[in-house]
Every structure is written in structure tokens, then in C-alpha cells.
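# Observations on the three-dimensional arrangement
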Amino acid sequence: MFPMTNPPPDSLAAAYQMLEQFGSTPEVAKAVLLQEKAAFEAVIAQKQAVWLEPRGEGVWTAAQIVEHVILISSLFLRIVQLFKRVELPEISMPKGE
């Protein structure tokens, strides 16, 4: 489990649970993500024949899906790198009256 000084609220708890599926340590998470990357690259190779063909009206092509995944993954990577370099302040939840 990723270490937490304060348990997160329910919305963040779900995010932590999602992250835990990648592993309990950074090394395990990296290995899992490398496996996922390899599987993603294999699918890309399989879709080359239909790369730009529409899959239906209003549905993205394989190329558009891959572009979206790469853009989102790149953004997520930048966020993770920011968290790694910057010590973030703890945020406490306000107590209700």
C-alpha cells in the first residue's frame, strides 16, 4: 500500500485503490506499467492495417484512440514527476460543526 499520513476522503480512497492494483512499491508499479506498455504497443502493431479507418459514425479511429492515450499518459507522467520533485503540503479535511 502507498504510505499515507492521513487517510484520504472517500473520493481519494478510490484513487488510492486504483493505484494499488499497479503494486505496493514503486518498483513493482514500474514493472506492471512496463508490461502494460508492451501490451499497448502490441495492440498498436495489430491495428496498423485499419489505423485510419473509421470504426463507425462518430467513433474514433485507432489512431485517434492511441493519440488520446499518449496525450493523457504524458500529462499524467508530468504530474507524477512534479509530485516527485516538489514536497507538497499536507491538506487536512475541515471538521464539520
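Since this is a predicted model, take the numbers as computed values, not measurements.

Time to look at the overall build of the protein chain. Of regular secondary structure, the protein chain possesses three helices and zero strands. Split into buried and exposed, the 97 residues of the protein chain put 8% on the buried side. Considering only contacts in the protein chain between residues 6 or more positions apart, those separated by 24 or more positions represent 16%. Accessible area of the protein chain: about 8600 Å², with a carbon and sulfur share of 63%.

The next thing to look at is a nonpolar patch on the surface. Where nonpolar side chains cluster on the molecular surface, the patch consists of Met18, Leu19, Phe76 and Val80 and spans about 330 Å² of accessible area. Listing elements by their share of the nonpolar patch, those giving two or more residues are α1 (10–20) and α3 (62–85).

Attention now goes to the confidence of the model for the protein chain. Per-residue confidence for the protein chain gives a mean pLDDT of 76; residues scoring 70 or more make up 71%. Within the protein chain, the lowest mean pLDDT, 70, falls on α1, and the highest, 84, falls on helix α2 (residues 26–46).

Quick look at the side chain of threonine 61 now. With respect to the helices, strands and loops of the structure, threonine 61 is situated in the loop between α2 and α3. On the basis of relative accessibility, which here comes to 10%, the residue threonine 61 falls in the buried class. Apart from the residues within four sequence positions on either side, threonine 61 is in contact with Trp51, Leu52, Glu53 and Pro54.

Here glutamate 53 shows up in the loop between α2 and α3. Glutamate 53 sits in the partly exposed class, given a relative accessible area of 45%. With ten residues separating them along the chain, glutamate 53 and alanine 63 place their C-alpha atoms 8.8 Å apart.

Considering all chains together, one arrives at one salt bridge under this definition. Residue glutamate 41 is joined to lysine 37 by a salt bridge in which the shortest nitrogen-to-oxygen separation is 2.9 Å. Highlighted residues: glutamate 41 and lysine 37, both in helix α2, separated by four residues, approximately one helical turn. On the basis of relative accessibility, which here comes to 47%, the residue lysine 37 falls in the partly exposed class.

About the criteria used
Residues numbered from 1 in each chain as written. Predicted model: local features only at pLDDT ≥ 70, side-chain atom pairs only at ≥ 80, totals over all residues. Heavy atoms only, no water. Helix = DSSP H or I, 4+ residues; strand = E, 2+ residues; numbered from the N terminus. Buried < 20%, exposed > 50% of the residue type's maximum accessible area, 1.4 Å probe, protein only. Contact = heavy atoms within 4.5 Å. Areas by Shrake-Rupley, 256 points an atom, 1.4 Å probe, with all protein chains shown as cover. Patch = residues over 30% accessible without salt bridge, like charges linked within 9 Å, V, L, I, M, F, W, Y side chains within 5 Å. Salt bridge = Lys/Arg side-chain N within 4 Å of Asp/Glu carboxyl O. pLDDT = per-residue confidence, 0-100.

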